Amino acid sequence: MDVELRQLRCLVAIVDEGSFTDAAIALGVSQAAVSRTLASLERALGVRLLRRTSRETAPTAAGLRVVAHARRVLGEVADLVREATSGHTRLRIGYAWSALGRHTPAFQRRWAEAYPGTELRLVRVNSATAGLAEGACDLAVVRRPLEDGRRFDSAVVGLERRMCALAADDPLAGRRSVRLADLGGRTLLIDRRTGTTTAELWSPDARPVTEETSDVDDWLTVISSGRCVGMTAESTAHQYPRPGIVYRPVRDVEPVAVRLAWWRSDRHPATGAALELLTALYGNTPRAGG
């Protein structure tokens, strides 16, 4: 069974315009071509799609179902074409949890001012590549090295402190900062797919018990109950302030590197501009990342 887009466009045009004559005008073809195209679609599907009388042309019951599907297919094809041809007019930047933290609003505003011809979209995708491997974005903000260095390139645009997330009534919440040793006997809630925290930050004899989550809202809800604590990049504290949660810096651990990643073989034209603006916001010189 071979169904072509031109056949679906023809069917939709007939239904929308109300007649073969008007559909031919809308499509810029002859009335005979419209009749032949519809007939070929009906043969391919094995059903009658339109009922013609001297007064009107109307879809059959099967025709109504096919028209509804045809509209969806044509709409998806139009989206596909826009997606493939929008490289210079739209930039999608994916992130897993917290975008750019306190720099997010400034990045959005400065981008709109500097590059009004390229629409910026921030897309949250909770995957290891923040949507890059899935095709959901053109660039991705990630906070740990991407494993597949053959497909992706990245550059470090800034550093963020590591923060401990605690319930507001936790005994540690009254401190200005905490140490790794303070968390060794606690249950640590982590996201193995996208998170920056693993038990390997502690020495083997002082590692906390870990539980897993895959969503920042669930992470915050569990921590606010006091059952677990969390450790995260500073951006999360800015992006997700929440009653019942306090964030405290962890003094004795390395900061988190913030990377901008892209497809090695299909670099978006605006990649350089995004790198320049992000490194300026973080106050760093871009460095190659793994």
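For the structure, see preceding data.
This one's a predicted model, so the numbers in the text were calculated from it and none came from an experiment.

Chemist: So what's going on with the pairing of strand E5 (residues 139-142)? Residues and values would help.
Modeler: Side chains of E5 alternate between two faces, with Leu 139 and Val 141 and Ala 140 and Val 142 buried alike. Two elements, strand E3 (residues 90-95) and E5, share 3 bridges in a ladder whose sense is parallel. Bridged to Tyr 95 within E5 is Val 141. When E5 meets strand E12 (residues 256-263), the two strands line up antiparallel, connected through 4 bridges. Paired with Val 141 across the strands is Leu 260, a residue of E12.

Chemist: Before we move on, could you go through the side chain of Asn 126 and cite the residues and values that matter?
Modeler: Of note, Asn 126 is situated in the loop between strand E4 (119-124) and E5. Asn 126 sits in the buried class, given a relative accessible area of 17%. At 3.3 Å, the side chain of Asn 126 and the side chain of Asp 191 are in polar contact. At 3.3 Å, the side chain of Asn 126 and the side chain of Thr 194 are in polar contact. Once you skip the residues sitting within four places of it in the chain, Asn 126 turns out to touch Ala 96, Trp 97, Asp 191, Arg 193, Thr 194, Ser 214 and Asp 215.

Chemist: Help me get a handle on the sheet that holds strand E7 (residues 162-167), residues and values and all.
Modeler: Taken together, 3 strands build an open sheet; the order of strands is E10-E7-E11 and the sheet is antiparallel. At either margin of the open sheet sits one strand with a lone partner, and together these are strand E10 (230-233) and strand E11 (245-249). Across the sheet, the mean angle from the axis of one strand to that of its neighbour is 35°, orientation sign disregarded. Of the pairings in the sheet, the one linking E7 to E11 comprises 5 bridges and is antiparallel in character.

Chemist: Can you explain the pattern of salt bridges? Please cite residues and give values.
Modeler: Here the structure, examined in full by the defined rule, presents 13 salt bridges. Its salt-bridge partner being Arg 71, residue Asp 16 comes within 2.7 Å of it at the nearest N-O pair. Of this pair, Asp 16 sits in helix H1 (residues 5-17) while Arg 71 sits in helix H4 (residues 61-85), and the two are 55 residues apart along the sequence. By relative accessible area, Asp 16 is classed as partly exposed at 46%.

Chemist: Now, about the packing of aromatic side chains: what can you tell me, with residues and values included?
Modeler: Under the counting rule described, the total for this entry stands at 4 aromatic pairs. On the numbers, 5.2 Å between centres and 65° between planes, the contact of Trp 97 with Trp 219 is edge-to-face. Pair noted here: Trp 97 is in the loop between E3 and helix H5 (104-114) and Trp 219 is in helix H7 (residues 216-224), with a separation of 122 residues, a long-range link. You'll find Trp 97 and Trp 219 in the same group, each marked buried. Each ring, one from Phe 107 and one from Trp 111, has its centre 6.0 Å from the other, and the planes form 45°; the classification is tilted. In this pair, Phe 107 and Trp 111 both sit in helix H5, 4 residues apart, roughly one turn of the helix. Comparing Phe 107 with Trp 111, the two get one shared label, buried. Put simply, the rings of Phe 107, Trp 111 and Tyr 115 pair up and form one aromatic cluster. For Arg 52, the ring lying beneath its charged end belongs to Phe 20, and the centroid distance is 3.8 Å. Its guanidinium or amino end placed over the ring of Trp 262, Arg 267 lies 5.2 Å from that ring's centre, counting from NZ or CZ.

Chemist: Describe the pairing of strand E6 (residues 152-160), naming the residues involved and giving the relevant values.
Modeler: Looking along a regular strand, one sees the side chains alternate between the two faces of the sheet. The element E6 is largely enclosed, with a buried count of 7 among its 9 residues. As defined by bridge partners, E6 adjoins E12 across 8 bridges and the pair is classed as antiparallel. Across the sheet, Phe 152 pairs through a bridge with Trp 263, a residue of E12.

Chemist: Describe the packing of H1 against helix H3 (residues 31-45), listing the residues and the values that go with them.
Modeler: The interhelical angle for the contact between H1 and H3, taken along N-to-C directions, is 115°, at an axis separation of 9 Å. As summarised for this structure, H1 and H3 are arranged roughly perpendicular, according to the angle between their axes. The crossing of H1 and H3 is left-handed. Mapping the contact onto sequence places Arg 6, Gln 7, Leu 8, Cys 10, Leu 11 and Ile 14 in H1 and Val 34, Thr 37, Leu 38, Ser 40 and Leu 41 in H3. Taken together, the residues of the contact of H1 with H3 sort by class into 7 nonpolar, 3 polar and 1 charged.

Chemist: Please provide a residue-by-residue account of unusual backbone geometry, values included.
Modeler: Look at Ala 99: it is not a glycine, yet its phi comes out positive at around 45°. One non-glycine residue, Ala 130, lies in positive phi territory at about 55°. For Ala 130, the location among the structural elements is in the loop between E4 and E5.

About the criteria used
- Residues numbered from 1 in each chain as written.
- Predicted model: local features only at pLDDT ≥ 70, side-chain atom pairs only at ≥ 80, totals over all residues.
- Heavy atoms only, no water.
- Buried < 20%, exposed > 50% of the residue type's maximum accessible area, 1.4 Å probe, protein only.
- Helix = DSSP H or I, 4+ residues; strand = E, 2+ residues; numbered from the N terminus.
- Pairing = 2+ DSSP bridges.
- Polar contact = N/O pair within 3.5 Å; in protein donor to acceptor, adjacent residues only side chain to side chain.
- Contact = heavy atoms within 4.5 Å.
- Axes fitted to C-alpha atoms, helices over the stretch in contact; angles between N-to-C directions.
- Salt bridge = Lys/Arg side-chain N within 4 Å of Asp/Glu carboxyl O.
- Phe/Tyr/Trp six-rings, centres within 6.5 Å; stacked < 30°, edge-to-face > 60°.
- Lys NZ or Arg CZ within 6 Å of the ring centre and 35° of its normal.
- Parallel < 35°, antiparallel > 145°, perpendicular 65-115°, else oblique.
- Left-handed = near helix turned anticlockwise from the far one by under 90°.
- Nonpolar A, V, L, I, M, F, W, Y, C, P; charged D, E, K, R; others polar.

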